[in-house]
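Listed below are the residues making up each chain.
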Amino acid sequence: MFNRKFMEELFKPQELYSKKALRTVYERLAHASIMKLNQASMDKLYDLMTMAFKYQVLLCPRPKDVLLVTFNHLDTIKGFIRDSPTILQQVDETLRQLTEIYGGLSAGEFQLIRQTLLIFFQDLHIRVSMFLKDKVQNNNGRFVLPVSGPVPWGTEVPGLIRMFNNKGEEVKRIEFKHGGNYVPAPKEGSFELYGDRVLKLGTNMYSVNQPVETHVSGSSKNLASWTQESIAPNPLAKEELNFLARLMGGMEIKKPSGPEPGFRLNLFTTDEEEEQAALTRPEELSYEVINIQATQDQQRSEELARIMGEFEITEQPRLSTSKGDDLLAMMDEL
């Protein structure tokens, strides 16, 4: 995921991915490991990812805090790979590129980025049990904006109107009740490689163990409007996905003849619940699961197959000359 060539491709100026391209990239990243998900589990995981990210972007106190949310994502990843200095260096390099490219943008440019992301997710209203229990999401799938807590850094607590004359001199003040419970921001989050981000959006939402469920809400018309794609696909999308596939491994899809390799991840409590979710999910939000054979190199695969073959023990036929030899052989086996 943090391969240097892949990061260079992501940081190139380009149009925003389509929803179909984003879904494909997400599936290929998920299946790049030994983890395998069926359609219902992949749908549920994708819904959780998109709604969580939409929540984080929507509740950013100021547009520039979108960058702090991304830093929180990368800081969390760094906590998982402390014992892998090579990967840790790749993540730090990604942080440096983010700071270099986006650190100097104006508030207006960050607002454009934030608004573009929100437009991308505006028709997505999937209920998540964690958000519903915390009362940050309504039953219709829309998020609740808080009217309390710290105000954005660099702004004042609402409740005061200042009036100025044509010379720029303050001539009058009027106070009003804002109806909330706001407090000044304690400090600005750090945009350095290491530091206190202050903002909690983008940190681990599952630090408290609780079941998470997703529920599709809204009419089929709204769902169709969200999933509707242009008849003429973006020609760059295929090249982007093919490039991603080359970075992550071969594109051949092989069906194993023996038992399924790796492990199977099920995001449901029981298999019956998973099957029911697959049946009740609207057709507009269903996708075909893509299995990716994450082999980086055909020659390496052949070498691994050869080495594994050397570990196989072929049973040699025993030549026994007497019943006593058979008995001793049976005792050796026991």
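In this text, all values refer to a predicted model and were calculated from it rather than measured experimentally.

Attention now moves to the side chain of H31. By the element assignment, H31 lies in the loop between helix 2 (19-30) and strand 1 (35-36). H31 sits in the buried class, given a relative accessible area of 0%. A distance of 3.4 Å separates the side chain of H31 from the backbone nitrogen of L37, its partner in a polar contact.

Enumeration over the complete set of coordinates arrives at 13 salt bridges. As a salt-bridge pair, D65 and R62 come within 3.0 Å of each other at their nearest N and O atoms. Taking the relative accessible area as the measure of exposure, D65 reaches 5% and is therefore buried. The salt bridge involving E156 is made with R162; its shortest N-O contact spans 3.4 Å. Through salt bridges with shared partners, a single network forms among E156, R162, E170 and R173.

Glancing now at the packing of helix 3 (residues 39-58) against helix 6 (residues 107-121). Packing of helix 3 against helix 6 brings their axes to within 10 Å, and their N-to-C directions diverge by 145°. The two elements helix 3 and helix 6 meet at a crossing, and its hand is left-handed. Two secondary-structure elements touch here, helix 3 through T50, F53, K54, V57 and L58 and helix 6 through R114, L117, L118 and F121. Of the residues contributing to the contact of helix 3 with helix 6, the split by class is six nonpolar, one polar and two charged.

Here the second largest pocket is characterised by a volume of approximately 920 Å³. Every residue lining the second largest pocket is counted, 40 residues in all, and those nearest its centre are L59, P61, P150, L199 and L201. Secondary-structure elements contributing two or more residues to the lining of the second largest pocket are helix 3, helix 4 (65-80), helix 7 (129-133) and strand 3 (148-150). When grouped by side-chain class, the residues that make up the lining of the second largest pocket number 24 nonpolar, seven polar and nine charged. Two domains each put at least three residues into the lining of the second largest pocket: domain 1 (4-139) and domain 2 (146-191).

On the surface, a nonpolar cluster with roughly 340 Å² of combined accessible area is contributed by I161, M163, V171 and F176. Here V171 lies in strand 5 (residues 170-175). With relative accessibility at 55%, the residue V171 sits in the exposed group.

For strand 5, the tally of buried residues reaches only zero of six residues, placing the bulk of the element at the surface. Between strand 4 (residues 160-164) and strand 5, which follow one another and run antiparallel, lie five residues, and G168 among them has a positive phi close to 85°.

Let us now look at helix 2. If you check helix 2, its first and last C-alpha atoms are 16 Å apart, about what 12 residues at 1.5 Å a residue would give, namely 16 Å. Within helix 2, nine of the 12 residues are buried, which leaves it mostly tucked inside the rest of the structure. All buried positions along helix 2 are accounted for by K19, A21, R23, T24, V25, Y26, E27, R28 and A30.

Moving on, we get to the packing of aromatic side chains. Taken as a whole and assessed by the stated rule, the structure comprises seven aromatic pairs. With a centroid separation of 5.6 Å and 65° between ring planes, the pair formed by Y26 and Y46 is classed as edge-to-face. Separated by 20 residues along the polypeptide, Y26 in helix 2 and Y46 in helix 3 bring together distant segments of the chain. Y46 matches Y26 in its accessibility class, with the two residues each being buried. Taken together, a centroid distance of 6.0 Å and an interplanar angle of 70° make the contact between F53 and F121 edge-to-face. One end of the pair, F53, is in helix 3; the other, F121, is in helix 6, and 68 residues separate them in sequence. The class of F53 is partly exposed, set by a relative accessible area of 23%.

Let's shift gears to the environment of P152. Mapped onto the fold, P152 is located in the loop between strand 3 and strand 4. In this structure P152 comes out as partly exposed when scored by relative accessible area, which is 23%. Distance in space between the C-alpha atoms of P152 and P186 is 9.8 Å, their sequence separation being 34 residues.

The phi dihedral of K135 falls on the positive side, at around 60°, and the residue is not glycine. Summarising the element assignment, K135 is placed in the loop between helix 7 and strand 3. Residues other than glycine seldom take positive phi values, yet V198 does so here, at roughly 65°. Turning to its location among the elements, V198 is positioned in the loop between strand 6 (181-183) and strand 7 (214-216).

Let us look at the nonpolar core. Core analysis: the biggest nonpolar cluster contains 36 residues, and Y55, F71 and F131 have the highest contact counts within it. For this core, the element with the most residues is helix 4, which contributes six residues. Among the nonpolar cores identified, the runner-up in size contains six residues, and Y26, A30, L37 and M42 belong to it.

How each quantity is defined
Residues numbered from 1 in each chain as written. Predicted model: local features only at pLDDT ≥ 70, side-chain atom pairs only at ≥ 80, totals over all residues. Heavy atoms only, no water. Helix = DSSP H or I, 4+ residues; strand = E, 2+ residues; numbered from the N terminus. Buried < 20%, exposed > 50% of the residue type's maximum accessible area, 1.4 Å probe, protein only. Polar contact = N/O pair within 3.5 Å; in protein donor to acceptor, adjacent residues only side chain to side chain. Salt bridge = Lys/Arg side-chain N within 4 Å of Asp/Glu carboxyl O. Axes fitted to C-alpha atoms, helices over the stretch in contact; angles between N-to-C directions. Left-handed = near helix turned anticlockwise from the far one by under 90°. Contact = heavy atoms within 4.5 Å. Nonpolar A, V, L, I, M, F, W, Y, C, P; charged D, E, K, R; others polar. 1 Å grid on protein atoms, 1.4 Å probe; cavity = no way out; pocket = protein on both sides within 12 Å on 5 of 7 lines; lining within 4 Å. Points joined across faces, edges and corners; volume = space filled by probe spheres on them. Domains from an automatic or database assignment. Patch = residues over 30% accessible without salt bridge, like charges linked within 9 Å, V, L, I, M, F, W, Y side chains within 5 Å. Areas by Shrake-Rupley, 256 points an atom, 1.4 Å probe, with all protein chains shown as cover. Pairing = 2+ DSSP bridges. Expected span 1.5 Å × (residues − 1). Phe/Tyr/Trp six-rings, centres within 6.5 Å; stacked < 30°, edge-to-face > 60°. Core = buried A, V, L, I, M, F, W, Y, C linked by side-chain atoms within 4.5 Å.

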